[in-house]
Amino acid sequence: MSDSLVRAAHDVLIVGGGGAGLRAAIAIAETNPQLDVAVISKVYPMRSHTVSAEGGAAGVIAADDTLDEHIYDTISGSDWLGDQDAIEAFAHEAPRELLQLEHWGCPWSRQPDGHIAVRAFGGMKKMRTWFAADKTGFHMLHTLFQTSLKYNEVTRYDEVFVTRLLVDDGRVHGAVAVGLMTGKIQAVTGKAVILCTGGCGKVFPFTTNANINTGDGMSLAYRAGAPLKDMEFVQYHPTGLPFTGILITEATRAEGGWLLNKDGYRYLQDYDLGKPSPTPELRSMELGPRDRLSQAFVHEVEKGRTSDSPWGPVVHLDLRHLGEQVIDTRLPFVRELCLKYERIDPVHELIPVRPVVHYMMGGVHTDIDGATPVAGLYAAGETACVSINGANRLGSNSLPELLVFGARAGRAAAEYASAARAAPAVIEAQAADEVRRLERDVMGREPGTERISTIRDDMQATMEEAAGIYRTGPAMAKGADALAELQQRLLKAGVADTSRSFNTELTAALELANMLDIGECILRSGLEREESRGAHQRLDFPDRDDRRFLIHHLVHRNPDETPRVAPLPVTITRWPPGERIYGR
Amino acid sequence: MPDSIRLEVTRYRPDTDSEPQRQEYDVPLRKEWTVLDGLNHVKNEVDTTLSFRWSCRMGICGSCGMNVDGEPKLTCATFLTDYAPGPVRVEPLANFPVVRDLVVDLFDFMERLPRVKPWIIRDDDVTEVDGEYLQTPEELDAYKQFSMCINCMLCYSACPVYGLDPTFIGPAAIALAERYDLDSRDHGARERLDVLIEHEGVWGCTFVGECTRVCPKHVDPAGAIQRYKLKAAKESVKAFLLPRGTR
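Rules and cut-offs
- Residues numbered from 1 in each chain as written.
- Chains lettered and ligands numbered in written order.
- Predicted model: local features only at pLDDT ≥ 70, side-chain atom pairs only at ≥ 80, totals over all residues.
- Helix = DSSP H or I, 4+ residues; strand = E, 2+ residues; numbered from the N terminus.
- Buried ≥ 20, exposed ≤ 12 C-beta atoms within 10 Å, placed from the backbone.
- Rg over C-alpha atoms; globule rule 2.2 N^0.38 Å.
- Contact = placed C-beta atoms within 7 Å.
- Pairing = 2+ DSSP bridges.
- Domains from an automatic or database assignment.
- Nonpolar A, V, L, I, M, F, W, Y, C, P; charged D, E, K, R; others polar.
- Core = buried A, V, L, I, M, F, W, Y, C linked by C-beta atoms within 7 Å.
- Arc of directions from axis to C-beta.
- Axes fitted to C-alpha atoms, helices over the stretch in contact; angles between N-to-C directions.

## Things to note about the overall build of chain B
Inference 1: Each helix and strand counted, chain B has nine helices and seven strands in total.
Inference 2: With the C-alpha coordinates of chain B rotated into their principal frame, the extents come out at 70 × 40 × 30 Å.
Inference 3: Counting the 247 residues in chain B, one finds 47% classified as buried.

## Thoughts on the overall build of chain A
Inference 1: Summing up its helical and strand segments, chain A has 15 helices and 21 strands in all.
Inference 2: For 584 residues, the compact-globule formula gives about 25 Å, and the C-alpha radius of gyration of chain A, at 23 Å, lands near that figure.
Inference 3: Each of the three principal axes of chain A carries a C-alpha extent, and together these read 70 × 55 × 50 Å.
Inference 4: Looking at the 584 residues of chain A, the share that counts as buried comes to 61%.
Inference 5: Residue pairs at least 24 apart in sequence account for 76% of intrachain contacts in chain A once pairs closer than 6 positions are excluded.

## Thoughts on the pairing of strand E7 (residues 160–168) of chain A
Inference 1: For E7 of chain A, the tally of buried residues reaches eight of nine residues, placing the bulk of the element in the interior.
Inference 2: The hairpin turn running from E7 of chain A into strand E8 (residues 171–179) of chain A, its antiparallel successor, is two residues long, and Asp169 of chain A in that turn takes a positive phi close to 55°.

## Here we look at the interface of chain B and chain A
Inference 1: Across the contact, 44 residues belong to chain B and 45 residues belong to chain A.
Inference 2: Elements that contribute at least two residues to the side of chain B that touches chain A include exactly strand E6 (98–100) and helix H3 (137–144) of chain B.
Inference 3: If one sorts the elements of the side of chain B that touches chain A by residue count, H3 of chain B sits on top with three residues.

## Some thoughts on the domain arrangement of chain B
Residues and elements named next belong to chain B.
Inference 1: The domain architecture assigned to chain B consists of domain 1 (4–104) and domain 2 (107–241).
Inference 2: Spacing between the C-alpha centres of domain 1 and domain 2 amounts to 30 Å.
Inference 3: With twelve residues of domain 1 at the contact, the number on the domain 2 side is 13 residues.
Inference 4: Here the residues of the side of domain 1 that touches domain 2 are counted per class, giving six nonpolar, five polar and one charged.

## With respect to the nonpolar core
Inference 1: One finds Val12, Ile14, Ala24, Ile40, Ile194, Ala380 and Ala413 of chain A to be the most contacted residues of the largest nonpolar core, which totals 258 residues.
Inference 2: In terms of residues, this core owes the most to one element, helix H14 (residues 504–528) of chain A, which gives 13 residues.
Inference 3: When we break this core down by domain, the ones giving at least three residues each are domain 1 (4–104) and domain 2 (107–241) of chain B.
Inference 4: Sequence-distant contacts of Ala380 of chain A, that is, excluding residues within four places in its chain, are made with Ala20, Ala24, Ile194, Cys196, Gly370, Leu402, Phe405, Gly406 and Ala409 of chain A.

## Some thoughts on helix H9 (residues 332–341) of chain A
All names here are of chain A.
Inference 1: Buried within H9 we find Phe333, Val334, Leu337, Cys338 and Tyr341. Along H9, the residues classed as buried sweep out an arc of 135° about the axis, all on the same side.
Inference 2: Tucked into the core, H9 has its buried residues touching helix H6 (251–254) and strand E14 (351–360).
Inference 3: Just past H9, the residue Arg343 takes up positive phi, approximately 55°.

## Observations concerning the environment of Arg164 of chain A
Residues and elements named next belong to chain A.
Inference 1: Its location among the elements puts Arg164 in strand E7.
Inference 2: Note on Arg164: 22 C-beta atoms within 10 Å, which makes it buried.
Inference 3: Residues Arg164 and Cys385, 221 residues apart in the sequence, show an inter-C-alpha distance of 20 Å.
Inference 4: Once residues within four sequence positions are removed from consideration, Arg164 is found in contact with Ala175, Val176, Leu220 and Glu434.

## Some words on the sheet that holds strand E5 (residues 88–91) of chain B
The strands making up a sheet associate through backbone hydrogen bonding, with each pair oriented either parallel or antiparallel.
All names here are of chain B.
Inference 1: Spatially, E2-E1-E5-E3-E4 is the arrangement adopted by the five strands of the open sheet, whose pairing is mixed. Every other strand in the sheet has two partners, leaving strand E2 (21–28) and strand E4 (71–74) as the edge strands with one partner each. The sheet shows a mean angle of 35° between the axes of neighbouring strands, taken without regard to direction.
Inference 2: One ladder, built from eight bridges, connects strand E1 (residues 4–11) with E2; its direction is antiparallel.

## Quick look at unusual backbone geometry
Inference 1: Look at the link from Ala84 of chain B to Pro85 of chain B: it is a cis peptide, with omega at 0°.
Inference 2: Of note, Pro85 of chain B is situated in the loop between E4 and E5.
Inference 3: Here the amide bond leading from Gly86 of chain B into Pro87 of chain B is cis, since omega sits at -5°, within 30 degrees of zero.
Inference 4: Despite not being glycine, Asp79 of chain A has its phi angle at roughly 55°, a positive value.
Inference 5: Locating Asp79 of chain A in the fold gives a position in the loop between helix H2 (67–77) and helix H3 (84–103).
Inference 6: Backbone geometry at Trp80 of chain A places phi at a positive 70°, although glycine is not the residue there.
Inference 7: You can see Trp80 of chain A is positioned in the loop between H2 and H3.

Pasting the structure below:
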């Protein structure tokens with residue numbers, strides 16, 4: 001292969017340098033130090049969105065807790081759509097992974113005797129959420145990043161944006177990527193590739209997600225022939241700050257915070273979530289699951305019991321009774337964020353909150369080892385759908401998920417790469433095609449009248465309208481039509497910035513193309529699922545329908561680029577489908 | 001309150017510009033808007049070619065550091081109204097090579113960070129993980145503030161020593177070394193001191209304290225540097241008085 005087009009050859013190429021990607025990299029370095037691992041990320045690893053996770057990471061450690069209880073909470077939280085074999089593996093391996101992070105230096109909050117402290121969390125029947133005050137994701141990410149620096153076998157490509165996976169005959173062989181500093185487009189080959197690019201919250205207008213969460217890995221996999229799974233399940237977190245969408249962690253409610261409507265009434269008691277008590281009760285009221293709490297908000301709006309704000313209706317989170325000391329030791333970041341962005345002090349004032357798009361339950365379809373149906377291609381973290389989260393993820397399960405399945409995908413990819421051959425010559429022609437596409441079709445297009453940001457705004461408005469907390473068939477169908485139009489408009493929108501160096505308009509155009517794929521998959525999967533389950537609530541099909549829909553949805557990409565939705569059975573081991581019961 | 005404010009933004013496109021230029025943009029002045037919101041308004045509505053880094057917009061990812069009216073700031077946590085009626089100068093962080101517009105080159109920091117060994121180093125060789133290393137809340141408090149660094153580089157931008165002597169390893173890297181030294185689980189202080197005692201280590205610092213003043217996360221790198229100088233001074237006295245094997 002020519003040197004100019006192929007930059008480097010590695011054994012395993014990890015796309016994304018957040019929690020899952022770094023955990024995978026370390027797992028590979030420890031499994032087989034002979035392997036050459038590369039982490040390729042569009043941002044410096046410590047900028048990855050894992051950094052924003054606040055509340056904690058679930059793993060059974062307390063004397064009164066059992067693995068079976070964590071498994072059951074996760075299954076019922078998932079509205080029985082999670083795969084029970086995956087959930088069992090997850091619950092078994094989470095404590096060890098969290099301990100491993102402890103050995104690597106994560107500053108977990110402690111009990112007075114020096115043991116790990118745990119807190120309550122939504123939908124969890126026992127206290128099992130490890131936390132580092134309310135900056136858990138920040139500390140986990142920096143611990144992983146700093147620890148990764150001691151492994152010389154890990155090469156990093158920071159600020160390099162992957163635009164396409166190289167696949168031949170059902171096997172992945174690497175990726176084509178743009179170096180943001182120089183604008184240089186090159187292929188980086190890998191015998192195995194692990195996608196760890198995080199979520200896709202930016203498909204929606206109002207989200208806790210960072211600017212970088214554009215679902216790149218999902219789109220890369222989808223275009224490379226790997227199906228996306230359960231894409232209709234989008235999590236609304238019940239407590240985001242209005243305007244910014246900044247997350248106010250569920251840990252506020254675990255510590256005893258109350259949700260109040262405009263009359264000062266703890267309205268969750270009206271939605272089959274239990275009776276109010278002065279101190280928090282597990283799996284009850286404010287510690288119910290996120291899907292049910294976000295749905296309750298919508299009903300409060302309908303009843304006229306929310307308050308108005310310039311950014312739409314809000315309810316209030318009351319932490320005042322917790323006192324300054326608890327807030328400063330357990331929730332210091334929440335206080336900092338409220339003071340900074342709302343100019344209110346939660347020690348003395350109510351926090352205005354509303355539901356906000358937070359997490360993608362769906363993602364790249366993988367097995368329990370992170371493997372996709374494309375040989376050599378793996379995925380882990382929010383990008384992937386194993387699935388442990390089913391129709392609704394429980395708070396504090398995503399951080400241990402990225403550790404458990406990041407490590408599993410790393411080990412599986414290491415094993416695969418040890419036996420795999422180097423990339424075939426045909427890959428070079430594919431890489432050359434991709435360079436042409438980027439230079440001619442994206443960079444070379446005459447800037448028209450249409451702006452990338454306008455199409456993005458329209459996409460986000462479309463998705464909010466069609467795939468919000470409550471959905472209908474006609475609204476989703478209309479949304480899908482609108483997205484198809486936006487796809488066409490994007491083909492005509494040019495990139496005005498002609499510079500090679502740090503061209504963020506080019507990245508925005510490529511990210512938008514990724515997000516339009518994802519939006520389409522969300523709506524197509526949602527249309528097929530004619531029932532209400534977890535985060536997918538349909539006004540035209542209000543009940544859960546286990547007879548027809550105790551299945552996953554896989555979205556494949558047809559040769560003509562249209563999506564095709566196919567069913568996949570849910571794995572049930574020991575917990576037959578039952579009623580989700582909270583607060584009674 | 002006026003309804004708009006002027007941003008004076010430094011532009012630099014290496015393909016076409018021989019030196020940085022200033023470009024002015026008027027953006028809406030709203031009470032909830034940060035400097036970053038102003039820049040995004042420009043990017044989305046006015047001039048799509050302006051380049052800058054940003055991501056979390058909640059002050060934790062460390063991407064969006066820039067000099068605002070000459071002071072290093074996280075632009076997602078700096079409000080336009082605090083600069084009314086303006087204009088507001090928005091420039092790339094000082095002391096770094098500029099890649100493009102408001103984007104600076106962090107290669108130097110990223111390349112040097114591993115030298116201070118910012119990871120747990122143990123005397124024992126534990127490979128099996130079967131229980132936690134105990135650490136009391138007091139032991140956690142001993143290093144906690146140094147663990148809050150988000151690598152935003154504001155301290156490097158403010159550091160007069162780093163500006164003059166780019167071989168100085170710099171405030172954030174030294175603060176991270178101290179973070180691990182003070183961690184009760186770590187035994188690597190000796191190895192880190194060996195690094196920081198070298199020329200590019202702590203000696204360049206003249207205790208100006210700008211690093212601590214500008215830190216958006218209340219880390220005290222100046223304090224960390226001072227502690228290292230004391231440790232290093234003690235070491236050199238020991239080295240002078242004692243034969244090597246007994247140190």
